[in-house]
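Results of the structural survey
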Amino acid sequence: MINIGICDDEASMRKALRTPLELKLQLLGADYQIYEYDSGEALTTRPEAESLDILFLDIEMKKLSGMDTARSLRKRDARTLLIFVTAYPDYVFQGYEVHAFHYILKPYDEHKIQNVLEQALKELGKSQEQFFTLEQKSGIFKISMKKILAFSSDRRKIILSLKDGKQTDFYGKLDVVERDLPDYFIRCHNRHLVNLNYVTALEKNHCICGPLQFPVSRAFRQPLEIAFARLLLQ
């Protein structure tokens with residue numbers, strides 16, 4: 001369930017945001033709940049406010065401004081992705097103080113709203129636990145991505161290596177598996193996809209991923225080096 005808040009003291013503006021958001025969420029098949037607030041005071045006194053995943057927050061509101069509302073949420077350690085909405089671009093730069101994720105300018109552009117929502121959902125996905133679903137003769141299983149070191153192809157089968165040293169396999173193609181994986185899984189070889197979070201060293205012809213060693217081919221070496229360097233800089 002994705003919990004989304006819209007806080008704006010104008011009902012017409014809340015509707016102008018809600019309509020394209022719902023259209024996009026329905027197209028994505030997302031399970032969602034949208035809460036509306038007509039003031040910063042209403043937002044900060046509601047029990048679900050601290051557990052909102054995404055909040056579209058108007059900066060210019062009567063009494064408690066959007067910035068003051070955001071400060072109140074951050075003081076309560078709310079991890080909500082804040083997306084400011086405003087008619088004045090100059091206000092956008094104030095968002096750094098409260099770690100705003102994005103902003104949308106009024107009057108609204110539906111495509112902009114939906115694009116920002118997509119970015120927020122992707123960011124949200126990075127912080128939520130993700131699972132890989134595999135089908136075997138004995139049944140269908142979900143495995144946390146955090147537990148997976150690598151995927152390796154062996155003819156018609158894929159071997160899945162886990163960080164606890166165990167392995168399992170299933171029928172499939174590595175190209176198909178790769179499409180649905182988070183971006184921290186990257187090719188080091190035509191037959192191997194490794195989890196960058198567990199790569200500790202890149203050597204001349206191989207990489208170390210947890211307790212395992214995988215070959216690195218010339219075709220994939222440069223993209224792997226770049227991705228590994230970016231991870232180290234985070």
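Placed above this text is the structure.
Quick summary incoming for the structure in this document. (Residues numbered from 1 in each chain as written. Predicted model: local features only at pLDDT ≥ 70, side-chain atom pairs only at ≥ 80, totals over all residues. Heavy atoms only, no water.)

**With respect to the pattern of salt bridges**
Two side chains carrying opposite charge are able to pair once their charged atoms lie near each other. Overall, the coordinates contain 13 salt bridges when judged by the stated rule. Where E36 meets R14, a salt bridge forms, and the shortest distance between an N and an O atom there is 3.0 Å. Here E36, found in strand β2 (residues 32-37), pairs with R14, found in helix α1 (residues 11-28); they are 22 residues apart in sequence, far enough to count as distant. Looking at R14, the relative accessible area reads 13%, which means it is buried. (Salt bridge = Lys/Arg side-chain N within 4 Å of Asp/Glu carboxyl O. Helix = DSSP H or I, 4+ residues; strand = E, 2+ residues; numbered from the N terminus. Buried < 20%, exposed > 50% of the residue type's maximum accessible area, 1.4 Å probe, protein only.)

**Focus: the nonpolar core**
Generally speaking, soluble globular proteins have nonpolar side chains that are buried together. With 21 residues, the main nonpolar core has I4, I54, F56 and I104 as its most contacted residues. The biggest single contributor to this core is helix α4 (residues 110-127), with six residues. I54 has contacts with N3, I4, G5, T80, L81, I83, L117, A120, L121 and L124, leaving out every residue within four places of it along the chain. (Core = buried A, V, L, I, M, F, W, Y, C linked by side-chain atoms within 4.5 Å. Contact = heavy atoms within 4.5 Å.)

**A short note on unusual backbone geometry**
Residue P107 follows K106 across a cis peptide bond; omega there is -5°. Positionally, P107 belongs in the loop between β5 (102-105) and α4. Non-glycine residue K63 carries a positive phi angle of around 60°. Here K63 is to be found in the loop between β3 (54-58) and α3 (66-75). Classification of K63 by relative accessible area gives exposed; the value is 80%.

**Some thoughts on the sheet that holds strand β8 (residues 148-154)**
Spatially, five strands are ordered β10-β9-β8-β12-β11 in an open sheet, and the strand pairing comes out antiparallel. Unpaired on one side and paired on the other, β10 (167-171) and β11 (185-189) mark the two borders of the sheet. The average angle at which neighbouring strand axes cross in this sheet is 25°, direction not considered. Of the pairings in the sheet, the one linking strand β9 (residues 157-162) to β10 comprises five bridges and is antiparallel in character. If you follow S161 over to β10, its bridge partner there is Q167. (Pairing = 2+ DSSP bridges. Axes fitted to C-alpha atoms, helices over the stretch in contact; angles between N-to-C directions.)

**Here we look at the pairing of strand β14 (residues 206-209)**
In this structure, strand β13 (residues 199-202) lies alongside β14, joined through three bridges in antiparallel fashion. The residue bridging A201 from the neighbouring strand is I208, located in β14. In this antiparallel pair of consecutive strands, β13 and β14, the connection spans three residues. As defined by bridge partners, β14 adjoins strand β15 (residues 212-215) across four bridges and the pair is classed as antiparallel.

**A word on the packing of aromatic side chains**
Working definition: an aromatic ring pair is given by the centre-to-centre distance plus the angle between the planes. For the coordinates displayed, the defined rule picks out four aromatic pairs. Aromatic side chains F132 and F151 sit 5.0 Å apart centroid to centroid with 65° between the ring planes, which places their arrangement in the edge-to-face category. Taken together, the residues F132 in strand β6 (residues 131-136) and F151 in strand β8 connect sequence positions 19 residues apart. For the pair shown, F132 and F151 are each scored as buried. Taking the centre distance of 5.5 Å and the plane angle of 65° together, the rings of F151 and F185 count as edge-to-face. One end of the pair, F151, is in strand β8; the other, F185, is in strand β11, and 34 residues separate them in sequence. For F151, a relative accessible area of 0% translates into the label buried. Ring pairs connect the aromatic residues F132, F151, F170, Y184 and F185, which therefore count as one cluster. Here the guanidinium or amino end of K112 rests over the ring plane of Y103, the centre of that ring lying 6.0 Å away. (Phe/Tyr/Trp six-rings, centres within 6.5 Å; stacked < 30°, edge-to-face > 60°. Lys NZ or Arg CZ within 6 Å of the ring centre and 35° of its normal.)

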